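Residue strings, one per chain:
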Amino acid sequence: MKQSEEFTRRMESRYDELKWLYCELYHNDRQGLAWLCDSMERYYEERSESCKEKDRRREANPDWYKGNDALGMMMYTESFAGTLKGVKDKLDYVKSCGVNLLHLMPLLESPKGRDDGGYAVADFRKVQPELGTMEDLKELTEECSRQGINCCMDFVMNHTSEDHEWARAARAGDADARRRYFFYDNWDIPSEYEKTVPQVFPTTAPGNFTWLEDCGQVVMTTFYPYQWDLNYGNCVVFNDMVGNLLFLANCGIDVIRLDAVPYIWKELGTNCRNLPQVHNLVRMMRLVCEIVCPGVLLLGEVVMEPAKVVPYFGTVEKPECHMLYNVTTMASTWHTIATRDTGLLKRQLDQVCALPREYVFLNYLRCHDDIGWGLDYDWLKNFGIDEAAHKKYLNDYLTGRGYGSDSRGALYNDDPRLRDARLCGTTASLSGLEAVLYERNDAKKETALSCIKMLHAYLLIQSGIPMIYSGDEVGQLNDYSYKDDPFKRDDSRYIHRGKFPWKLVDAKDDTAMEIFHELRKLETIRAGRDIFAGKASVETFETGNVHVLGIRRRLGEDVITAYFNFSGENQTVWEMDRECATGAVDLCSGRALSDFHDELQPYGYAWFGKERRKCNDGCSSIRRIAG
Ligand code: GLC
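Figured I'd write up the structure that's included with this text. Here the structure is a predicted model, which means the values were calculated and not measured.

### Some words on helix α14 (residues 327-339)
Here is step 1: Compared with an ideal rise of 1.5 Å per residue, which puts 13 residues at 18 Å, α14 spans 18 Å between its outermost C-alpha atoms and is within 8% of the ideal.
Here is step 2: Where burial is concerned, most of α14 is hidden: 12 out of the 13 residues are buried.
Here is step 3: When we look at burial in α14, the residues that qualify are Val 327, Thr 328, Thr 329, Met 330, Ala 331, Ser 332, Thr 333, Trp 334, His 335, Thr 336, Ile 337 and Ala 338.
Here is step 4: Immediately beyond the C-terminal end of α14, within one or two residues, lies Arg 340, with a positive phi of roughly 60 degrees.

Structure follows, in structure tokens:
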């Protein structure tokens, strides 16, 4: 088949819908649409033959990313290996972690000190010089592809840096450039917006607008004052940003993370989140990718409650994102660590499990951002739990101020008016490892290590793709050096963005290796069994013990029953389902489940399945009660 025929075929089957959506949003602007279609064809032609080959393979097998071995890792290029070339040199380590989806955190040009960790892009086509060049990026994605690793990158689409050429021109008075943003001569309209739009960073960047002294204008800045919101009501913005997206795709990126996507449409009198037009825009981006680069996936960053997240999958006929973050489950997990009560988590997982299996969630324990306490307070209210008081409890516990807590988190954007602080910290520090290493308390160290391992075992059994936060696999602790950097000291998210602890890896540090090997064992079991694939059914079950979460996976005849003890004490669990219990062994240790009656050690876990698998001794966290 000739290439252009391929493009035409894909375009023809989607053109009507694309045209409909575009014309609806952009007041029937046919010229704008024609421009978009021409540019799509150009990007298609420029796409490398190897990327096109991948596209064809994936078009023929649309479930290609839902396998049982899918394992992600997110990392900062600079922290992990200094430069993109450095990451390429360290791919052996990435592979040794079993990772086949690598999320490289923002690496495009952004001004030093006004970059929000790379989320203020000044040039969508240039790599930060300290990290390398576009060529290096392409070489890295090619090498990854050769080694079976897919690459994910952020597409920071809600805003640009104030240093972007569009922003500079707007600042200088160029009327066209100003129409790409939200510019106002005075505060009249911005003040109206402020009545209904909540604040993202109430402490570190209050308000949603910024006064530009030099040109006497007010500009919309939902995030930091140096991140200017793009106006997607202007089709030129959409067309150009689609061009930037396709440019990234043509660099060999397999997964595009749509950063802060709920915010991309603004309307006076609303909260400017998740408006219907956002879904039109995402659907159009999906269509564009299906036409130009169907092997590329869209991952939506929607840090909202489940009812707001799920619509970003679109419908079966009109899908939007391929994958979304399982953010409420993540927050509910840390609530469970702090309360040792699995009730809310079970309820949350039940809601996720009830969704169609086509929906793929990206599961994670920690990421580069804070943990926001977006929990199901309507449900918690039934138990007399008040939202503000509960957030305070969680923050106290996870910052180590709560009774009996070894957690070492830090508050983030503590808004005293709303009593609404969020939380930062690495998995290991939140799990107590930092405190007990400092105290040199070996007994407690075991408990902290068990907590880290249990959390990962629980992560790996969920429905969807696990995304490990680089460093968590070796128990990376909080890094306090950000406090010495004037550009970072106000943003406590840097506490969990420290340099990768190569020293621990190179020296084969006992503690680090204990976590690493346990994870590898679990990941290997997962990659070796079909029951961990997206097509399996996943459900929770009643364990008879509020501290212990039960998750069951089923595929055909195969069943896995897993227990996770979210408390620091021994807990008894019951397996009432005879069919599941008979002949079941812990897949990790090979031990049998005895007469429906077992005891989990502090933060212990077990994955019971029917097959005996060989593995090294010493990884069981479940033991039979004598007698
Ligand atoms: C996303 C990123 C976050 C950033 C924000 C603004 O939410 O995850 O780190 O601060 O977008 O770009």
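### Focus: the sheet that holds strand β8 (residues 209-212)
Here is step 1: As summarised here, the arrangement of the three strands in space is β7-β9-β8, forming an open sheet in which the pairing is antiparallel. What marks the edges here is a single partner per strand, and that holds for β7 (183-184) and β8.
Here is step 2: The pairing of β7 with strand β9 (residues 217-220) spans two bridges and is antiparallel. Each residue of the ladder has a partner; that of Phe 183, found in β9, is Val 219.

### Side note on the packing of aromatic side chains
Here is step 1: All told, the structure shown has 34 aromatic pairs when counted by the stated rule.
Here is step 2: Arranged with centres 5.3 Å apart and planes meeting at 70 degrees, the rings of Phe 80 and Phe 500 form a pair that is edge-to-face. Of this pair, Phe 80 sits in helix α4 (residues 77-81) while Phe 500 sits in the loop between β17 (465-469) and α21 (502-506), and the two are 420 residues apart along the sequence.
Here is step 3: Note on Phe 500: relative accessible area 6%, which makes it buried.
Here is step 4: Between Tyr 184 and Phe 209, the aromatic rings sit 6.1 Å apart at their centres with planes inclined by 70 degrees, giving edge-to-face as the arrangement. Taken together, the residues span a long stretch of sequence, with Tyr 184 in strand β7 and Phe 209 in strand β8 at a distance of 25 residues. Accessibility classification places Tyr 184 together with Phe 209 in one group, the buried group.
Here is step 5: Seen from the ring of Tyr 44, Lys 52 lies directly overhead, with NZ or CZ sitting 4.0 Å from the centre.

### Details of the sheet that holds strand β22 (residues 585-586)
Here is step 1: Overall, antiparallel pairing links the five strands, which are arranged β18-β19-β20-β24-β22 in an open sheet. The open sheet has two free edges, formed respectively by β18 (537-541) and β22, since each of these has just one partner strand.
Here is step 2: Helix α20 (residues 442-461) contacts β18, β19 (548-555), β20 (558-565) and β24 (605-609) of the sheet and is inclined by roughly 150 degrees relative to β20.

### A word on the pattern of salt bridges
Here is step 1: According to the stated counting rule, one finds 50 salt bridges in the structure shown.
Here is step 2: Close ionic contact of Arg 56 with Glu 6 constitutes a salt bridge, the shortest N to O distance being 2.7 Å. Taken together, the residues span a long stretch of sequence, with Arg 56 in helix α3 (residues 49-60) and Glu 6 in helix α1 (residues 3-25) at a distance of 50 residues.
Here is step 3: Residue classification places Arg 56 among the partly exposed residues on the basis of a relative accessible area of 26%.
Here is step 4: Exposure remark for Glu 6: the relative accessible area of 4% places this residue in the buried category.
Here is step 5: When the shortest N-O distance is used, the salt bridge between Asp 376 and Arg 347 registers 3.0 Å. Of the two residues, Asp 376 is situated in the loop between β14 (360-363) and α16 (377-380) and Arg 347 in helix α15 (residues 343-353); the sequence distance between them amounts to 29 residues.
Here is step 6: Owing to a relative accessible area of 24%, Asp 376 belongs among the partly exposed residues under this scheme.
Here is step 7: What you see here is one network of salt bridges that share partners, running through Glu 6, Arg 10, Glu 49, Glu 53, Arg 56 and Glu 59.

### Re the nonpolar core
Here is step 1: In terms of nonpolar packing, the biggest core is built from 195 residues, with Tyr 232, Leu 258, Phe 564 and Trp 607 touching the most fellow members.
Here is step 2: No other element matches α20, which puts 11 residues into this core.
Here is step 3: Setting aside residues no more than four positions away along its own chain, Phe 564 makes contact with Met 454, Ala 457, Tyr 458, Ile 461, His 547, Val 548, Leu 549, Ile 551, Gly 604, Tyr 605 and Trp 607.
Here is step 4: Among the nonpolar cores identified, the runner-up in size contains 10 residues, and Phe 541, Val 548, Tyr 563 and Leu 593 belong to it.

### Some details on the site of the ligand
Here is step 1: Inspection of the region around the ligand gives Asp 116, Tyr 119, His 159, Phe 201, Phe 223, Gln 227, Arg 257, Asp 259, Glu 301, His 368, Asp 369 and Arg 493 as its neighbouring residues.
Here is step 2: Within the contact set of the ligand, an oxygen atom lies 2.9 Å away from a side-chain nitrogen or oxygen of Glu 301.
Here is step 3: When the free accessible area of the ligand is taken as 310 Å², the share hidden by the protein chains comes to 95%.
Here is step 4: Split by residue class, the shell around the ligand holds three nonpolar, three polar and six charged.

Rules behind the numbers
Residues numbered from 1 in each chain as written. Predicted model: local features only at pLDDT ≥ 70, side-chain atom pairs only at ≥ 80, totals over all residues. Heavy atoms only, no water. Helix = DSSP H or I, 4+ residues; strand = E, 2+ residues; numbered from the N terminus. Expected span 1.5 Å × (residues − 1). Buried < 20%, exposed > 50% of the residue type's maximum accessible area, 1.4 Å probe, protein only. Pairing = 2+ DSSP bridges. Phe/Tyr/Trp six-rings, centres within 6.5 Å; stacked < 30°, edge-to-face > 60°. Lys NZ or Arg CZ within 6 Å of the ring centre and 35° of its normal. Contact = heavy atoms within 4.5 Å. Axes fitted to C-alpha atoms, helices over the stretch in contact; angles between N-to-C directions. Salt bridge = Lys/Arg side-chain N within 4 Å of Asp/Glu carboxyl O. Core = buried A, V, L, I, M, F, W, Y, C linked by side-chain atoms within 4.5 Å. Near = heavy atom within 4 Å. Polar contact = N/O pair within 3.5 Å; in protein donor to acceptor, adjacent residues only side chain to side chain. Areas by Shrake-Rupley, 256 points an atom, 1.4 Å probe, with all protein chains shown as cover. Nonpolar A, V, L, I, M, F, W, Y, C, P; charged D, E, K, R; others polar.

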